[in-house]
Amino acid sequence: MSSSPSVSRRRLLLGAGAAVALGPAAQAAAAASLVHPGMLHTDADLTRIRTKLAAGDAVITAGWKRLAANGRSQPSWKPRPLATVVRGGTGQNYAQFYPDVHAAYQNALRWRISGEKAHAQTASTIINAWSSTMTQVNGNADRFLAAGLYGYQLANAAELMRGYDGFDLAGAQRLLKNVFYPLNDSFLNRHNDACITNYWANWDLCTVASVMAIGILCDDRTLFGRAVTYLRTGAGNGAIRNAVPILHGGLGQWQESGRDQGHTVLGIGLLGTICEMAWNQGVDLYGYDDNRFLKGAEYVARYNLGADVPFAAYHWGDGTKCAARTQTVVSASARGQLRPVWELVFNHYVNRRGLAAPNVTAMAASVRAEGGGGDYGAASGGYDQLGFGTLLFTRDRTLVAAAPAASVPAPVLASHRPARTGATPSGSPAGAVLPKTGPSGDFDLAGQQSGAGSRTTALAGAGAVAAAIGGGLLLRLRTRRRGDHR
């Protein structure tokens, strides 16, 4: 193991002690910044990819060829910006928007990996055109989906372009903060005035992904913290314990499993995106609640590989009056649908953390080499994921005990918790002990549990606490709560 828990502890504690030595002004400056690039890709990731390509690595090369062959990754792509993007209802035109978002992301990737400036110029031109033109996202309830999905995707493209001469970073930040985030905020606070359990997990997850990505792009630690807190303690179906509401031993029944498999796999991709962005900022959501996400991913992968899975009755409140609804069987609709979401999950849990994930491993192999937007159909569902995970996330098996070192996030806002109705989770193992609720706003920088069930160390909470004691004490705070059941 390349990074033992003790090494990780020492590194993090020394960092806390160093913050004291820096003095108040330097501490404030350090606390204000987030890691850049620090969403789905870091400088270390990009260096790893370039190195493996140069060495002729067959898997990475196959992934690179998928990217290079995609029509949206070509430097000849021309943007078609709109002032108002409409998804759902009269005047729907969002199909003009999301291909441009993916073209910006794919060209940004090709530039960051190959160094070819023609791709940088194309990505810059696309984002600049939209940031100087677009003023509104509109439509029926689907406008919240547009703000979530394309918000996190556009922010990831802009993050890759940070520092390129001629790229208007401030313009991209204004667009996302002033046009996309208000819709994200409205949805998380009010859920379109519906029952809190009305909307499926993917609605929450795309919204949280957008809030987190915008927070990172804009160096807004409050937004980043809000996203982390919601994943841990939010009342909606996107909170991790609500997205995986029922445990069957090592399998976690996904919230949309009784609906259809297309949206279920989409949820895996969205939660994986959120977890990876948080990991790159030093926060481990992958490991939250004893790797609950892994259990959900194993369940979804197993069923979509053709095997049976257990299913416990799932109850939720529907509409604006929380009308009682129940699902009693797992849905076979769209079973086996391939989406480019599995490499990220596989490479984290198996190659980065050394955990067993046989179903995720098999599913990742079935999709390899993953493509991206435009490779999985022309409809918007084929653009729900940024993709290219084989190229971007394949890593050697090098075990780590904690997320990469980052400035410790400041305390976060309490999450919005409207009253919920409906049954509590069922189907948990007999005699299971549910975690106690902890203080909201703490951040685990180390994994909560490693392979073979051994606990790794968690450093959490405000940097001021660790700094005040000179890094001499390791805080082991966790934020867990019993998730409500949709």
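Residues numbered from 1 in each chain as written. Predicted model: local features only at pLDDT ≥ 70, side-chain atom pairs only at ≥ 80, totals over all residues. Heavy atoms only, no water.

Looking now at the overall build of the protein chain. Of regular secondary structure, the protein chain possesses 17 helices and six strands. Here the protein chain, with 486 residues, has 59% of them falling under the buried criterion. Nonlocal contacts in the protein chain, meaning residues at least 24 apart in sequence, comprise 78% of its contacts between residues at least 6 apart. Taken as a whole, the protein chain presents about 16,900 Å² of accessible surface, with 55% of it coming from carbon and sulfur. (Helix = DSSP H or I, 4+ residues; strand = E, 2+ residues; numbered from the N terminus. Buried < 20%, exposed > 50% of the residue type's maximum accessible area, 1.4 Å probe, protein only. Contact = heavy atoms within 4.5 Å. Areas by Shrake-Rupley, 256 points an atom, 1.4 Å probe, with all protein chains shown as cover.)

Along the chain, Ala403 falls in the loop between helix H16 (389-393) and helix H17 (463-468). Since its relative accessible area comes to 1%, Ala403 is described here as buried. Remark: the alpha-carbon pair of Ala403 and Asp284, spanning 119 residues in sequence, is separated by 6.1 Å.

For the rest of this paragraph, the subject is the packing of aromatic side chains. Enumeration according to the criterion identifies 18 aromatic pairs in this entry. Consider the rings of Phe97 and Trp130, whose centres lie 4.5 Å apart with planes at 55°: the pair is tilted. Taken together, the residues span a long stretch of sequence, with Phe97 in the loop between strand E1 (84-86) and helix H5 (98-114) and Trp130 in helix H6 (residues 117-131) at a distance of 33 residues. A relative accessible area of 2% places Trp130 in the buried class. Among the aromatic residues, ring-to-ring pairing joins Tyr94, Phe97, Tyr98, Trp130, Tyr150, Phe180 and Tyr383 into one connected group. Geometry around Trp111 places Arg112 over its ring, the cationic atom sitting 5.7 Å from the centre. (Phe/Tyr/Trp six-rings, centres within 6.5 Å; stacked < 30°, edge-to-face > 60°. Lys NZ or Arg CZ within 6 Å of the ring centre and 35° of its normal.)

Quick look at the side chain of Gln385 now. Its location among the elements puts Gln385 in the loop between helix H15 (358-367) and H16. Within the structure, the side chain of Gln385 is placed 2.7 Å from the side chain of Arg339, a separation counted as a polar contact. (Polar contact = N/O pair within 3.5 Å; in protein donor to acceptor, adjacent residues only side chain to side chain.)

On the secondary structure map, Glu343 appears in helix H14 (residues 342-352). Among the polar contacts made by the side chain of Glu343, one reaches the side chain of Thr390 at a distance of 2.7 Å. Setting aside its immediate chain neighbours within four residues, Glu343 contacts Ala364, Arg368, Glu370, Gly389, Thr390, Phe393 and Thr394.

This part takes up the state of the cysteines. For the structure shown, the criterion picks out one disulfide. There is a disulfide in this structure between Cys195 and Cys322, and the S-S distance comes to 2.1 Å. Sign of the S-S torsion, about 105° for the bond between Cys195 and Cys322, identifies this disulfide as right-handed. Of this pair, Cys195 sits in the loop between helix H8 (169-190) and helix H9 (201-217) while Cys322 sits in the loop between strand E5 (314-318) and strand E6 (323-327), and the two are 127 residues apart along the sequence. (Disulfide = S-S within 2.5 Å.)

This part is about the pattern of salt bridges. Considering all chains together, one arrives at 19 salt bridges under this definition. Where Lys52 meets Asp396, a salt bridge forms, and the shortest distance between an N and an O atom there is 3.1 Å. Here Lys52, found in helix H3 (residues 43-54), pairs with Asp396, found in the loop between H16 and H17; they are 344 residues apart in sequence, far enough to count as distant. Note on Lys52: relative accessible area 14%, which makes it buried. For the salt bridge of Asp318 with Arg325, the shortest nitrogen-to-oxygen distance reads 3.6 Å. Judged by relative accessible area, which is 37%, Arg325 ranks as partly exposed. (Salt bridge = Lys/Arg side-chain N within 4 Å of Asp/Glu carboxyl O.)

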